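# Inside the fold
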Amino acid sequence: MNVTTLASPPAVNPGAYRQVFGLLPTGVVAITGRTNDGKPTGLVVGTFQSLSLEPALVTFCVDKSSSTWPALRSLGRFTANILSTEQLTVCRALSRKGEDKFQGIDYEESTLGTPRILDSTAWIDCEVLSEVVAGDHYMIVGAVTAMDAGTGDALVFRGGKFGEYTQWPTPAPTETPKP
Ligand SMILES: Cc1cc2nc3c(=O)[nH]c(=O)nc-3n(C[C@H](O)[C@H](O)[C@H](O)COP(=O)(O)O)c2cc1C
């Protein structure tokens, strides 16, 4: 069922929604493309996910108020750059609103013409396959055209704070949890 056809959407307190989802750690991914006049641009999302292997698809969500997404949508292509713990300044630059967000950010051009940010943990070039309106966001599906791992550990976001993933010590064989 389409969410817009619900007769009376359940009332959920926005504070509770934010608090609960603040408990869930996410990656930090810069979705990059070009403005209508060809300048590199992008925005940061915590909603980027793998979606399908055959064919290779990815997904993320964009607030309807985003001023960057309309340009990327009309380009029809983007690169998803998995930001590393060394790229907090890139994250800050691309998560603010305004012009010339790419100032000081080093990148190379993908075969799609989208900017791949240098020193990202990984990059994934995509074509926009579909876009669904979902409440106050758009849900985007991208078809992967190329991807590769880069360097560094992925940046993690949880409860409004940035951090890094720490692996537990390898458990002794008898402590291995059942799947
Ligand atoms: C860690 C983090 C995660 C974010 N996740 C999302 C997201 O999933 N979707 C979204 O629309 N905005 C998200 N934002 C906010 C956007 O990055 C930001 O509001 C947007 O880029 C503002 O600029 P724009 O109007 O040019 O898009 C996130 C910001 C940060 C710092």
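Given the structure is predicted, the values throughout are model-derived calculations rather than measurements.

## Re the overall build of the protein chain
The secondary structure content of the protein chain amounts to three helices and 12 strands. For the protein chain, the spread of C-alpha atoms along the principal axes amounts to about 60 × 50 × 35 Å. Contacts spanning at least 24 positions in sequence make up 66% of the contacts within the protein chain whose residues lie at least 6 apart.

## Looking at the environment of L51
Here L51 lies in strand 4 (residues 49-52). For L51, a count of 16 C-beta atoms within 10 Å puts it in the partly exposed group. Spatially, the C-alpha atoms of L51 and S65 are 24 Å apart, while their sequence positions differ by 14 residues. Those residues in contact with L51 that lie beyond four places of it in its chain are L57, V58, T59 and V141.

## Things to note about the sheet that holds strand 3 (residues 40-45)
The seven strands lie next to each other as 3-2-6-9-10-5-4, forming an open sheet whose pairing is antiparallel. A strand with exactly one partner marks an edge of an open sheet, and here the two such strands are strand 3 and strand 4. When strand polarity is set aside, the average angle formed by the axes of neighbouring strands in this sheet is 40°. Sheet topology places strand 5 (residues 57-63) next to strand 10 (residues 137-149); seven bridges connect them, and they run antiparallel. What sits directly across from T59, in strand 10, is V141.

How each quantity is defined
- Residues numbered from 1 in each chain as written.
- Predicted model: local features only at pLDDT ≥ 70, side-chain atom pairs only at ≥ 80, totals over all residues.
- Helix = DSSP H or I, 4+ residues; strand = E, 2+ residues; numbered from the N terminus.
- Contact = placed C-beta atoms within 7 Å.
- Buried ≥ 20, exposed ≤ 12 C-beta atoms within 10 Å, placed from the backbone.
- Pairing = 2+ DSSP bridges.
- Axes fitted to C-alpha atoms, helices over the stretch in contact; angles between N-to-C directions.

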